[in-house]
Amino acid sequence: MAEEKPPQLVDYFVVAGLTETSRPLEEEAQQHRPARATEPITEVAVIIRSQGEDVPHGFTCIETTTAGHPADLNAGLLNNPQMFICYKRGRDKPPLIELGVHYEGKDRPKPGYKILDTTPYSRSANLNSGGPGHARTFLTYRRAAEPHGHNTLGVTDICLVMPSKGESTPHTFCRVDKNLNTGMWGPALFLCYKISMAKANTLVYEAGLLGRYPEQDSESFPLPESVPVFCLPMGATIESWPADTKYPLPVFSTFVLTGASGDKVYGAAIQFHEAFPRERLSEKQSLRLGLLSVVDRRPVGGRSLQTRKSICVLSHWPFFEVFRKFLMFIYRYSISGPHVLPLETHISHFMHNVPFPSPQRPRILVQMSPYDNLLLCRPVSSPLPLSGASFLTLLQNLGPDNAVALLVAVLTEQKLLIHSLRPDVLTSVGEALVAMIFPLRWQCPYIPLCPLALADVLCAPVPFIVGIHSSYFDLYEPPHDVIFVDLDTNTIFPSEERKPLSPRSLPRRPCKVLLATLHSLSQQLDELYSGPGEEASLELLLSDAEAARGRRAQLELEARAAFLRFMACALRGYRSFLRPIAPAPAPAGRDAGSLFALQAFLKSRERAYHRFYGQLLRTQLFTQFIEDCSFASDRDPCLEFFDTCVDKVQAELEKPEDTPLMELDDPRGGEHTVFITPPEQPAGPDGTELPARYRYDGFPTLRPELLEPPRDPLVAQLCQARSSAPSSPAPRRTKQEMKVAQRVAQKYSSVPDMWAKCLLGHCYGLWFLYLPTHVRAAPAKLRALQLAYDVLRKMEAHKVVLPDEVCYRILMQLCGQYGEPVLSVRVLLEMKRAGIVPNTVTYGYYNKAVLESKWPAGTQGGRLRWAKLRNVVLGAAQFRQPLRQRERRAAATAAPPVPRPSLQRQTTWAGRSLRDPPPAPRLVKSGSLSFPGSARGDGGRGGPGEPPTPWVPPPLPVAPLPPRLQGPPDSADGSLSDISFATDESDRGDEGPGGAGGVAVAAGGGTPRRGLAAKLQQLLSPGKRPLLRPAASAELPTGPRDAATAAATRPRRGSEQRDGDPPGHRSPADSLLRPRERPESTASESSVSLGSELDLSDASVGSAGVAKSSEPSAARATRQEPPAVEVLLSSCSRCQGCGALVYDEEVMAGWTSDDSNLNTTCPFCARSFVPFLSIEIQDFRLPPSAAEDGSVPPPTTPGPVLSDRRRCLALDEAEPELCNGCPELPAPRRSERVAFAYLSPLVLRKELESLVENEGGELLAQPELVDSHPIIYWNLVWYFQRLELPSNLPRLLLGSQHVPQAQPPESPSVRVRLLWDVLAPEPDAGPPLYVLWRLHSNVPTRLRNWRPHGPPCPLTFLEAVLSHVGLSEVHKAIALFLETPAGPRPLQRSIYREILFLTLAALGREHMDIAAFDKKYRSAYTKLAGSVGKEELRRRRAQPPSSKALDCRKSFGATLEC
């Protein structure tokens, strides 16, 4: 997978200002507004005209209100004193910045305010002249601090409004909500004032680009041409100041640029002033700036000329505070000096050598100078979209009620114009407005900080959210159809033409909870920032900056969660109204009406809120939301998170839920901090410091030769986090799905049966994660997809716990990729049948597959007719089959048959086609135990009432049986599955010596030992039963090729033999046997398969490309050939604490729900240890000459018991999954043993997802996977083979370093066998009892090097244990172990394991019900616990497996071989 470029902290550095081509802006605006005030208000006074007081010199009296009514403060009183307010403008004093009204005795004097208690003529300025019983009322004011700059904000206008006359607060004015006329009579009168920047002698031009770095555009993000306009939204100015005016502080502002694809770019800029040369001005410009006298054009002295510039950084990340510190450092660096390093060095150093914070290094400390540093923290990991929103800034500037009112306006797509004198606040509030409506997205124009040059957007006929500087209203008339939001005065001015909805139209309970939460947060903010915001926040940060930052982050999270809860309640249940595209989509398939039931959703809401929902459903917000939910998009993780929030909330409650909706991991608490040093200062030739020679009069023009390349690119490579994206979004679980899966695993870890199903669900999730690779390599794509669909149905039938929808999602995506929309619809129906509601991610991939795939033709008549014809032909063939069988039987009795082709469908009992080459000599179904080709004795009989029948060559079949009618997969290669035994005792006496092969079935040619065999025969053999029908006899074929081989006729299933059997007396051992699979004679005591309906051993034998029981028999014939490589796998692990062997189901039961924990818990000592997966790789590609001979030499001495069965087993070379013996395989040319950690499915899934995400899914099909990621590879092989899931993983072994590259066969195969016990014998321990049983019986065993360690266990001990088990006296068998002080060998396996494995070795897996044995053993343990004690039993390791372990075995199947 190609390496992707890591995220970059800063994309561009820009310098903006006045250029030669800048056009003037203010000339066009003069015609829109009258001339504005040029000086701020510095004084305010009250005069009493009834007392003869006149307006003071230089003051202006407010005579009327805004509508022309008299502005007498005591109008309506009988003794009207005729009091008026006057003000004075100027620049001789700091301007007034705030006005107020003080009620004496009721209000506490505010700090910094001055009370106007006297008139200019020394009379009382009490505004309330109603009498001594009324509280005295005075005006108050606050003045700007000294020294003040030229552009200091101040009060520039004052007016009075009379609401009773229909007057309202003028736009951009701040109203003092205290009545000036407090008397009983007269109209209420309120004071309003405007704060702005009173500028005189100023020229405004459109800003242009002065410099940029880098100079070349990036391919992914070219520099927008409008960036300079956003850096200086109110234009680049030329200003004439008095000579003694101080420079104002730089102004910080932020803005957001939205691309065509919806991605956001964040800008941070500071605006500052610097000197401008007078020589560049024309005469007209000098006249307007007041630098020349109007009459004689003489220069005016005492004036300075300034221009406004801006420096800015652009980034895809809203690190506004970090960028502010960096820009302020660059600005201070430019006005100080001299310096050794140029300014360009610091700019290029910050852009190239400061890495983006990664999860491994979440904190970056950048030291810019000995006195300046900044801390860069990784963004908080959140499922919500990243933005620069600040909900606390929204609450501080608007309050809870206005915030909810704006929520209604945004949801109904109104025109919103937010304005403020603080440009940095505009972006934070604008981002909060578009973030509060999550999961909806604002689709209309959105400019949080609109430049003056783009103000025409306010006249657009579409909804918009625009933020603008308040000085805009000094130049332009505001539109009439816009809702104005004044952040400086906390006022919302509704539209004059379109009245928006009231907050009362919102759902009552969710809105009530939202308001209560916002009021609580607002109160906490007031407590956190007590007093004036700037001073208090500064003191707070100085005292405890870290605590204040953490507290503010927590309040920000709670505010965002409050709006999220409201949206979840308002849209609850929306998923049930989505309309999936089931048939072939129409051209208007993406229409919202066809994707969502709008009217049904509206009717599901309360009638009182239909007006709100009606407007919401008609907005572009909701239409785009439905499309995002219906089709796969990059917003799927966010929408899936919102779905979980909808499930959590309870809309009927009037308080928030206890469970928080947002659980964010704050990475700032990480301990790892990367320190970035400042740029190195160059040294002179002799090692001395170079002189400081860089000094700037203003911000310089960037010089490319001084912009250095990255100093140390390795730092960025080590610290930057790769923005990885998976090769396919579907297999990747969202973070929310991972959290849900973790919670489900924690919940089910204490429930035994659910824990097993949870592990099983994650195992299936592993296979579906591998499914795209499997389908890609499959020659028949549709067949592979159909197989995956069958696996889904199998999972549902077994009620597997699926913690997520990844299995369904991957299959849906593959259906769309390979053009199978019908199968995708079936998958969706299976989801609904299983009770799973698809989330947004799954639903999007489903609709994408259905909409973009090519549907089949609408008419299916031809296909249906062909299907009917096929059924008729097959039915006729079935009717003719008995007739052909009768004809063949009659022909066989008349004359020796001649092999000829036949149209009859016929297979062997095991499902192998008789067209295949005949196997080696073996036992066939007959009335007596005779080998193929052996002559029947005179006393031989086929059955009652039927004469002996000679052997008939089998006809060639046309087609194999259906998979459901085929036998076990491994019985077609000469196993004992093709043997059935007569139940008549007299048949045994008629058995004669062997025929052509010279092999007899008699017990070693002599009388078998009458010991345990007779007892087991008595216990396990049922009574005599007559045969339902005779079995056909057999003899060797006469052909030259067939002289050494034989074929068997199709035998009957065990169920067919038992249909007519009368019920007989059942022995006590019957409870340990499968009811329908009991052996019919002594010779079948340890046979492996008698036509069992239950598949027990398929998973223990697997190979790449080898067919299972559901595959055609012709394809299965290749398994008769020896594999090129055989792999043995075992999960049996040894506890490091107590030395006990812990088996697979016990390892599973000991795993935890933590997907990062590799340990399991020992069931004996309760210690944690890491289990291992042992692997033995055997290479047979160059077999020795001895292995070429297919015969197996008979043993030299017969065993004490079951010697006849040992010879049977010697013939069964192709049955590897024997629990009571192992075939004699040729010695491998090369053998290698390795061991790797055995991972829980939860851990393995997390690691596999990380592997696919980082290196791509193509790695799963390459041999490099075996060598580069062996732990993942071998665990996947284990689980896939355990669950019989097809994969090509074993074939990857042929290209790895474990298998040397030799001359392979034409189609090399790899066979995988899963073992229950250890692979190699322990050097310090003796063999287990089941191995001793095989050694005593001379049965070939897999562990050839395992010999008796110390005194061998006597055979009588083994017989006694088996006898007690057969008599259902398991407690006595346990007591035999307890009576031995240390047991017959060092204790590694528990007593339960020894008895279980011994019983399996003696009886065979097919003839033993392990579940019944577990029940008997647990009952025996309970019985012994009362007499011996549980502690003693635990010390001797006699306890049974836990219920969790038994459930794991039941869920995964006891399919491992011993």
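Residues numbered from 1 in each chain as written. Predicted model: local features only at pLDDT ≥ 70, side-chain atom pairs only at ≥ 80, totals over all residues. Heavy atoms only, no water.

Enquirer: Just give me the short version of the overall build of the protein chain, but keep the residues and values in it.
Expert: Tallying secondary structure elements over the protein chain gives 38 helices and 33 strands in all. Relative to its full complement of 1458 residues, the protein chain shows a buried share of 54%. Relative to all contacts within the protein chain whose residues are 6 or more apart in sequence, the contacts with residues 24 or more apart total 78%. For the protein chain, the exposed area adds up to about 64,700 Å²; of that, 54% sits on carbon and sulfur atoms. (Helix = DSSP H or I, 4+ residues; strand = E, 2+ residues; numbered from the N terminus. Buried < 20%, exposed > 50% of the residue type's maximum accessible area, 1.4 Å probe, protein only. Contact = heavy atoms within 4.5 Å. Areas by Shrake-Rupley, 256 points an atom, 1.4 Å probe, with all protein chains shown as cover.)

Enquirer: Describe in detail the packing of aromatic side chains, supporting the description with residues and values.
Expert: Across all of its chains, the model carries 38 aromatic pairs by this definition. With centroids separated by 5.2 Å and ring planes inclined at 75 degrees, the aromatic side chains of Tyr472 and Phe473 adopt a geometry described as edge-to-face. Residue Tyr472 is classed as buried on the basis of its relative accessible area of 4%. Taken together through their ring pairs, the aromatic side chains of Phe438, Tyr574, Phe577, Phe596, Phe601, Phe612, Tyr613, Phe622, Phe625 and Phe642 make up a single cluster. Over the ring of Phe84 we find Arg49, and its NZ or CZ is 4.7 Å from the ring centre. (Phe/Tyr/Trp six-rings, centres within 6.5 Å; stacked < 30°, edge-to-face > 60°. Lys NZ or Arg CZ within 6 Å of the ring centre and 35° of its normal.)

Enquirer: Can you explain the sheet that holds strand E6 (residues 114–116)? Please cite residues and give values.
Expert: One open sheet holds the three strands; their spatial order is E5-E7-E6, and the pairing between them is antiparallel. Sheet topology places strand E5 (96–103) and E6 at the edges, where each strand pairs with a single neighbour. Along the sheet, successive strands turn relative to each other by an average axial angle of 30 degrees, direction set aside. As judged from the seven bridges shared by E5 and strand E7 (residues 137–143), these two strands associate in the antiparallel manner. Counterpart to Tyr103 in the pairing with E7 is Thr137. (Pairing = 2+ DSSP bridges. Axes fitted to C-alpha atoms, helices over the stretch in contact; angles between N-to-C directions.)

Enquirer: Report on the sheet that holds strand E18 (residues 372–377), specifying residues and quantitative values.
Expert: Pairing is mixed across the open sheet formed by three strands, whose spatial order is E18-E17-E24. Each edge of the open sheet is held by one strand with a lone partner, namely E18 and strand E24 (673–676). Averaged over all pairs of adjacent strands, the angle between their axes in this sheet comes to 20 degrees, without regard to strand direction. Both strand E17 (residues 363–369) and E24 contribute to a ladder of four bridges, which runs parallel.

Enquirer: Account for the nonpolar core, with residues named and values stated.
Expert: Side chains of a nonpolar character, in soluble globular proteins, are inclined to be buried together. Judged by nonpolar contacts, the single largest core of 260 residues is most densely connected at Leu571, Phe768, Trp1274, Ile1374 and Ile1395. No other element matches the 15 residues that helix H17 (residues 752–777) contributes to this core. What Trp1274 contacts, discounting residues up to four positions off in sequence, is Val1127, Leu1129, Leu1173, Ile1175, Ile1177, Phe1236 and Leu1293. Formed by 44 residues, the second largest nonpolar core is a distinct cluster that contains Phe320, Val366, Leu376 and Tyr694. (Core = buried A, V, L, I, M, F, W, Y, C linked by side-chain atoms within 4.5 Å.)

Enquirer: Before we move on, can you summarise the state of the cysteines with the specific residues and values?
Expert: Across all of its chains, the model carries zero disulfides by this definition. Cysteine Cys763 remains unbridged, with the sulfur of Cys758 as its closest cysteine sulfur at 9.8 Å. (Disulfide = S-S within 2.5 Å.)

Enquirer: Could you give me a rundown of the packing of helix H6 (residues 391–411) against helix H7 (residues 423–435), with the residues and numbers involved?
Expert: Following both chains from N to C, one finds H6 and H7 inclined at 40 degrees, their axes separated by 10 Å at the closest point. Viewed along their axes, H6 and H7 adopt a mutual orientation that is oblique. For the pair H6 and H7, the sense of crossing is right-handed. Touching Phe391, Thr393, Leu394, Asn397, Leu406 and Val410 of H6 are Val425, Ser428, Val429, Ala432, Leu433 and Ala435, all from H7. (Parallel < 35°, antiparallel > 145°, perpendicular 65-115°, else oblique. Left-handed = near helix turned anticlockwise from the far one by under 90°.)

Enquirer: Pulling in residues and values, what's your account of the environment of Asn1157?
Expert: Relative to the helices and strands, Asn1157 resides in the loop between helix H26 (1144–1150) and strand E29 (1160–1161). Its relative accessible area of 24% is what places Asn1157 among the partly exposed residues. Separated by 85 residues in sequence, Asn1157 and Leu1242 place their C-alpha atoms 9.3 Å apart. Residue contacts for Asn1157: discarding those within four places in its chain leaves Thr1152 and Val1243. Engagement of the side chain of Asn1157 in a polar contact is seen with the backbone nitrogen of Asn1159, the distance being 3.0 Å. (Polar contact = N/O pair within 3.5 Å; in protein donor to acceptor, adjacent residues only side chain to side chain.)

Enquirer: Before we move on, could you go through the side chain of His339 and cite the residues and values that matter?
Expert: Residue position: His339 is located in the loop between helix H4 (320–335) and helix H5 (343–353). One polar contact links the side chain of His339 to the main-chain carbonyl oxygen of Tyr333, over a distance of 3.0 Å. Contacts of His339, omitting those with residues within four sequence positions, involve Tyr333, Ala692, Arg693 and Tyr694.

Enquirer: Please give an account of the pattern of salt bridges that cites residues and values.
Expert: For the coordinates displayed, the defined rule picks out 35 salt bridges. For the salt bridge of Glu705 with Arg703, the shortest nitrogen-to-oxygen distance reads 2.9 Å. Taken together, the shared-partner salt bridges in this structure form one network comprising Glu1145, Glu1146, Arg1393, Asp1414 and Arg1449. (Salt bridge = Lys/Arg side-chain N within 4 Å of Asp/Glu carboxyl O.)

Enquirer: If you had to explain unusual backbone geometry to someone new, which residues and values would you point to?
Expert: Only a minority of non-glycine residues have a phi that is not negative, and only a minority of peptide bonds are not trans. A cis amide bond links Tyr213 with the next residue in sequence, Pro214, at an omega value of -5 degrees. Topologically, Pro214 is positioned in the loop between strand E12 (208–213) and helix H2 (227–231). With omega at 15 degrees, the peptide bond leading from Phe438 into Pro439 counts as cis. You can see Pro439 is positioned in the loop between H7 and strand E20 (446–447). Despite not being glycine, Thr172 shows a phi value in the positive range, around 70 degrees. Relative to the elements of secondary structure, Thr172 occurs in the loop between strand E8 (154–161) and strand E9 (174–176).

Coordinates in, geometry out; function isn't part of it.
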